[in-house]
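Structural features, examined
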Amino acid sequence: MSDRAPAAGLFDMTDRNVLVTGGTSGIGLMIAEGLVAAGARVLVSSRKPAACAETAAALGPRCTGVPADVGTPDAARILAAAVDSHFDGRLDVLVNNAGATWGAPLEDFPDEAWDKLVRVNLTGVFRLTTSLLPALRATATADHPARVITIGSLVGLRVTELENYPYSATKAAVHMLTRHLGRRLAGEHITVNAIAPGYFVSRMSAYVADDPDARAAVAAGIPGGRWGRPDDIVGATVFLSSRAGSYLTGVVLPVDGGVHGCT
């Protein structure tokens, strides 16, 4: 019997190598900040070089910014090279957070917007995950699996009043992709899980969050009575990234104040 308390180090992220796509704003930035504070080494990526540089400077020496557009094939090559360069080809956690949305009437929704959302929200997740499998395999063990965490959405779990058809459809597809990859990679000691956030303040939700009346109306429909906070999403990410979450795979975890489970 070990003399170590069973809970010792359950949520320890010290010196874990993490890549967060879409990590310079919104939920991705919340996650990057939280993981750096927890002791991880974090690569953040987004399309904008200036945003990557500013985020890395703000988060300190344990964070590095790498510009890449996950909606393009080049992103997988760029980010795999960054993992090789900064982490010696060893990746503990991949957080697929980068995403896009688009608002337009049903009858007028442009084909190019649909194609963009599929490229960024779905194809990019699959392409980057498969490209980084060698780096994930390099750290994966039975006791300490490597992790893939994909940020889905509440709207990929249920129909809401927000009529963004391709965004919802791509997030639902991401949830199913998570389950498939979880099953396929479990034997290689790589877990694959998704977080489905509800209402958090971000660039994507600004059209609601910036209107006090609309924001209050949304909160009134959340069993928990409020919008999500950074600690809520960081806590879920640390759980799935650390030893505490090592026996979960193929899970889609709603972090939504009870909207999905209680209404």
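The present account deals with the structure reproduced in this document. (Residues numbered from 1 in each chain as written. Predicted model: local features only at pLDDT ≥ 70, side-chain atom pairs only at ≥ 80, totals over all residues. Heavy atoms only, no water.)

This part takes up helix α4 (residues 111-131). Most pronounced at threonine 123, the bend in α4 amounts to some 45°. Packing partners of the buried residues in α4 comprise β1 (17-21), α3 (74-87), β4 (93-96), α5 (133-137), β5 (146-151) and α6 (165-185). (Bend = angle between axes of the 7 residues up to and from the residue. Helix = DSSP H or I, 4+ residues; strand = E, 2+ residues; numbered from the N terminus. Contact = heavy atoms within 4.5 Å.)

Here the focus is the sheet that holds β4. Ordered by their spatial adjacency, seven strands build an open sheet running β3-β2-β1-β4-β5-β6-β7, and the pairing between neighbours is parallel. On the outer flanks of this sheet lie β3 (63-67) and β7 (252-255), each paired with one strand and no other. In this sheet, adjacent strand axes meet at a mean angle of 20° when their direction is disregarded. Alignment of strand β2 (residues 41-46) against β3, held across five bridges, turns out to be parallel. By the bridge assignment, leucine 43 is partnered in β3 with threonine 64. In this fold helix α9 (residues 230-241) packs onto β4, β5, β6 (190-197) and β7, with an angle of close to 165° to the strand it touches most, β6. (Pairing = 2+ DSSP bridges. Axes fitted to C-alpha atoms, helices over the stretch in contact; angles between N-to-C directions.)

Another point: the pattern of salt bridges. According to the stated counting rule, one finds seven salt bridges in the structure shown. Here aspartate 15 ties to arginine 41 by a salt bridge, and the two come within 3.4 Å at their closest N and O atoms. Within this pair, whereas aspartate 15 is found in the segment before β1, its partner arginine 41 is found in strand β2, the two being separated by 26 residues in sequence. We classify arginine 41 as partly exposed; its relative accessible area is 31%. For glutamate 188, the salt bridge is made with arginine 184, and the minimal N-O distance between the two is 2.9 Å. Each member of the salt-bridge network shares a partner with another, and the members are Asp15, Arg41 and Arg62. (Salt bridge = Lys/Arg side-chain N within 4 Å of Asp/Glu carboxyl O. Buried < 20%, exposed > 50% of the residue type's maximum accessible area, 1.4 Å probe, protein only.)

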